[in-house]
Amino acid sequence: MLAGKGCESQVRGANSTAFYGKFSTKTARQVAPIVPSSARLRINCHLNGVTLRLPATHLPKKPRGQWQNFGSPKVNRTCAYYKSEEFDIPVEAAVESLNPEDGSGNVDGAAPWWQQLPKRWVVVLLCFTAFLLCNMDRVNMSIAILPMSKEFGWNSATVGLIQSSFFWGYLMTQIVGGIWADKVGGKLVLGFGVVWWSIATILTPVAAKIGLPFLLMMRAFMGIGEGVAMPAMNNILSKWIPVSERSRALALVYSGMYMGSVTGLALSPVLINRFGWPSVFYSFGSLGTIWFALWLKKAYSSPEHDPELSPQEKKLIMSGSVSKEPVTVIPWKLILSKPPVWALIISHFCHNWGTFILLTWMPTYYNQVLKFNLTESGLLCVLPWLTMAVFANLGGWIADTLVSKGLSITTVRKIMQSIGFLGPAFFLTQLSNVKTPAMAVLCMACSQGSDAFSQSGLYSNHQDIGPRYAGVLLGLSNTAGVLAGVFGTAATGYILQRGSWDDVFKVAVVLYIIGTLVWNLFSTGERILD
C-alpha cells in the first residue's frame, strides 16, 4: 500500500517505459490491481526530505494491457517504481497523466488551513470581523472628541449630546433590523449595515465642520447602520451554529467588538497626532468596503443556500440547529407575554448602562481624573477591552463545557450572567478607594473582564428561548440596551457637571444589582417560543 502524502510515483515497465501520474494513496490502491500479477513493486516515498525505499510487493493479477482512467483526483504527485519479472508493459498500454482538476497538487485533507476551516466558522469569523469594524468606527469618536471639543469649543454637556446622538439611530433599527433579518435573511441585512455605517463614518468630519446639527445627524445615521448588526448576526448564527457550539461562537463574535475597541483606541491617538482627527474617520470607514467584498463572496444566510457546504457539515448543522424555517408572522402578543423575555429586556438595560458609559467616557475619565494625555488615554483604554476579548472566549468555552457535562442550560446562563453583573459592580465600587492610576486601570480591566461573561449569559439566551425569532428577540432586548446607552451616556455628562465620577459609578452599580436579581428570578435556558 502506498502511504504518506508527498510521495512521487513513476510506473516503469521492464522495457523502460515510464508512466507518470498524480494520484493519492487511495488512487494508488485503485491502480494496484491492474498491474500484472508477477510484477514487482519498488516504491520511493519522499517524506519531509527523507527517501523511504519500500520492499518489493506482489500485486494481484490483472490481464495485461488493461488500464483504467481514474479521472482527476485532487492529490499530491505520487511516484511508484515497479519492475515486471514475467511481463513487459507495452508502450501502447500507457496511461494518461492523472492531473488534478484544480491544479493545486494538494492531497485531500491537506489544503491550507483557511480552506479546511468548517464553513460555519468562516461565517463566524466574518461576523467577528464585522463587529471589529463596528466598534472601531464607534470608539474613534471617544478619542477624537478630545481635540474636536477644543477646536469647536464644546463643553461636557455638548460632548455628552454628541456621544449619545449615535444611539438615536441605533435605537431606531434594533427591532426593525431583527424583523428584517428573520424574514429576508441575515446576509443582506448585515451587509447593508456595514456599508451604511462605513459611509457615515467617512462623512463625519465633513458634517462636524459644517455644524453641530449636521454632526448629530451623521452620528445618528451611523447608529442606523450599526443598529441592524446584532439582530442580523444573531439570525445568521441561529441557523449556522449547533447548540453545542453556541456559546463559543457568540463569544468569538462579540469579542470582535472588544478587539475593535482595542484596535480603535490604540490606533486613533497615533493617527490623530500624525494626520489630525479627521484621519481616523476616513481610514476606519474605508475598511468596510474590503469586508463587504468578502461577505458577498463567502457568506450565506442559511446553510441550505450554500452550494460549497459539504454534505457532512450540512448534516451536522441541520441536526444540531433548530432555526431552519423563515419567519412570516411575528407573534408579538405571545413573545411579550413571556416573563423570560422581560428578564432579557430588563437585564439588557441594566447591563448596557454600565457598558456604554465605560465605552464612551473612559478616555475622558483617564484624561480628566487620572491626568493621562491623549496618547496615554487611548493606549490605556486598550487594556480593559483586551481583557474583555480574552474573558469572553474563556466564558464561552466554560459555558459550552458545562452544558456538555450535563448542567442545564438555564443554570449555565444564570451562572455566567451573575458573574457578568456582580463582577463589574464589585470592581467599580473599588475605584473610589484606589490611590494610583495603575490601580484604577486595573479595576477598569477587571470590571470589563468579568462583564464579558455576559456573552455566555443574556447574549446567548435569545437563541435558547426562541431560535426562530432570535433576531426579533435581540432587537427587543437591545432596544432596551440602547435606551440605556442613550440615557446613560447623556446623563453622565450632566452628572459630571453637578457631581463626580463616584456618582456615575454608583448609578451603574445599583443597576447591575437590579439586573442580577431579575435575571436569576425570571430567566430560563429552555425554549419557550416555537
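The structure presented is a predicted model; accordingly, all values stated were derived computationally and were not measured.

Structural notes on the packing of aromatic side chains
Then, in step 1: Applying the stated criterion to the full structure yields 15 aromatic pairs.
Then, in step 2: Judged by centre distance (5.4 Å) and plane angle (65°), the rings of Trp 180 and Phe 192 are edge-to-face. Highlighted residues: Trp 180 in helix H5 (residues 174-184) and Phe 192 in helix H6 (residues 186-210), separated in sequence by twelve residues.
Then, in step 3: Given a relative accessible area of 30%, Trp 180 falls into the partly exposed group.
Then, in step 4: Under the relative-accessibility criterion, Phe 192 is labelled partly exposed at 30%.
Then, in step 5: Judged by centre distance (5.1 Å) and plane angle (75°), the rings of Phe 426 and Phe 427 are edge-to-face.
Then, in step 6: Linked through ring pairs, Phe 152, Trp 154, Trp 277 and Phe 281 together constitute an aromatic cluster.
Then, in step 7: Note that Arg 138 overlies the ring of Tyr 170, its terminal NZ or CZ placed 5.1 Å from the centroid.
Then, in step 8: Above the ring of Tyr 300, the side-chain terminus of Lys 187 is found at 4.9 Å from the ring centroid.

Considering the pattern of salt bridges
Then, in step 1: For the coordinates displayed, the defined rule picks out eight salt bridges.
Then, in step 2: The residue Glu 313 makes a salt bridge to Arg 120 at a minimum N-O spacing of 3.1 Å. Here the residue Glu 313 occupies a position in helix H11 (residues 311-320), and Arg 120 occupies one in helix H3 (residues 119-152), the gap between them amounting to 193 residues. Both residues of the pair, Glu 313 and Arg 120, count as buried.
Then, in step 3: Close ionic contact of Asp 464 with Arg 246 constitutes a salt bridge, the shortest N to O distance being 2.8 Å. Taken together, the positions of Asp 464 in helix H17 (residues 458-465) and Arg 246 in helix H9 (residues 246-275) put the pair 218 residues apart, joining distant regions of the chain.
Then, in step 4: Classification of Asp 464 by relative accessible area gives buried; the value is 5%.

Thoughts on a nonpolar patch on the surface
Then, in step 1: Nonpolar side chains collect at one region of the surface, where Trp 196, Ile 199, Ile 202, Leu 203, Val 206, Ile 210, Phe 214, Met 217, Phe 221 and Tyr 282 lie side by side and expose about 870 Å² of accessible area between them.
Then, in step 2: Listing elements by their share of the nonpolar patch, those giving two or more residues are H6 and helix H7 (212-227).
Then, in step 3: For the nonpolar patch, the element with the most residues is H6, which contributes six residues.
Then, in step 4: Positionally, Ile 210 belongs in helix H6.
Then, in step 5: Judged by its relative accessible area of 53%, Ile 210 falls in the exposed class.

What to know about the packing of H3 against helix H8 (residues 229-240)
Then, in step 1: Between H3 and H8, whose axes approach to 10 Å, the crossing angle comes to 170°. Here H3 lies roughly antiparallel to H8, going by the angle between them. For the pair H3 and H8, the contacting residues are Lys 119, Arg 120, Val 123, Val 124, Cys 127 and Phe 131 in the first and Ala 229, Met 230, Met 233, Ile 236, Leu 237 and Trp 240 in the second.
Then, in step 2: In terms of residue class, the contact of H3 with H8 is built from ten nonpolar, no polar and two charged.

So, the packing of helix H15 (residues 409-430) against helix H19 (residues 501-522)
Then, in step 1: Orientation of H15 relative to H19, taken along the N-to-C sense of each, is 160°, at an axis distance of 9 Å. Our classification of the angle between H15 and H19 gives roughly antiparallel. Crossing of H15 over H19 shows left-handed handedness. For the pair H15 and H19, the contacting residues are Arg 413, Lys 414, Gln 417, Ser 418, Phe 421, Leu 422, Pro 424, Ala 425, Leu 428 and Thr 429 in the first and Phe 505, Ala 508, Val 509, Tyr 512, Gly 515, Thr 516, Trp 519 and Asn 520 in the second.
Then, in step 2: Class assignment of the residues belonging to the contact of H15 with H19 gives a composition of ten nonpolar, six polar and two charged.

Some remarks on the nonpolar core
Then, in step 1: By size, the foremost hydrophobic cluster in this structure holds 120 residues, and its most contacted members are Phe 131, Met 148, Leu 190, Tyr 254, Tyr 365 and Phe 505.
Then, in step 2: For this core, the element with the most residues is H3, which contributes 20 residues.

Overview of the confidence of the model for the protein chain
Then, in step 1: Averaged over all residues, the pLDDT of the protein chain equals 78, while 75% of them reach at least 70.
Then, in step 2: Across residues 1-109, confidence stays below pLDDT 50; counting only partners more than four residues off in sequence or on other chains, it has 204 contacts.

Remarks on the environment of Thr 173
Then, in step 1: Relative to the helices and strands, Thr 173 resides in the loop between helix H4 (156-172) and H5.
Then, in step 2: Each C-alpha atom of the pair Thr 173 and Pro 231 lies 9.3 Å from the other, and the pair is 58 residues apart in sequence.
Then, in step 3: Excluding residues that lie within four positions of it along the chain, Thr 173 makes contacts with Gly 223, Ile 224, Gly 227 and Val 228.

Regarding the side chain of Gln 463
Then, in step 1: Here Gln 463 is to be found in helix H17.
Then, in step 2: Within the local environment of Gln 463, its side chain forms a polar contact with the side chain of Asn 234, the two groups lying 3.0 Å apart.
Then, in step 3: In this structure the side chain of Gln 463 is engaged in a polar contact, spanning 3.2 Å, whose partner is the side chain of Arg 246.
Then, in step 4: If we skip the residues at most four places from it in the chain, Gln 463 touches Asn 234, Leu 237, Ser 238, Arg 246, Leu 250 and Ala 470.

Cut-offs applied
- Residues numbered from 1 in each chain as written.
- Predicted model: local features only at pLDDT ≥ 70, side-chain atom pairs only at ≥ 80, totals over all residues.
- Heavy atoms only, no water.
- Phe/Tyr/Trp six-rings, centres within 6.5 Å; stacked < 30°, edge-to-face > 60°.
- Helix = DSSP H or I, 4+ residues; strand = E, 2+ residues; numbered from the N terminus.
- Buried < 20%, exposed > 50% of the residue type's maximum accessible area, 1.4 Å probe, protein only.
- Lys NZ or Arg CZ within 6 Å of the ring centre and 35° of its normal.
- Salt bridge = Lys/Arg side-chain N within 4 Å of Asp/Glu carboxyl O.
- Patch = residues over 30% accessible without salt bridge, like charges linked within 9 Å, V, L, I, M, F, W, Y side chains within 5 Å.
- Areas by Shrake-Rupley, 256 points an atom, 1.4 Å probe, with all protein chains shown as cover.
- Axes fitted to C-alpha atoms, helices over the stretch in contact; angles between N-to-C directions.
- Parallel < 35°, antiparallel > 145°, perpendicular 65-115°, else oblique.
- Contact = heavy atoms within 4.5 Å.
- Nonpolar A, V, L, I, M, F, W, Y, C, P; charged D, E, K, R; others polar.
- Left-handed = near helix turned anticlockwise from the far one by under 90°.
- Core = buried A, V, L, I, M, F, W, Y, C linked by side-chain atoms within 4.5 Å.
- pLDDT = per-residue confidence, 0-100.
- Polar contact = N/O pair within 3.5 Å; in protein donor to acceptor, adjacent residues only side chain to side chain.

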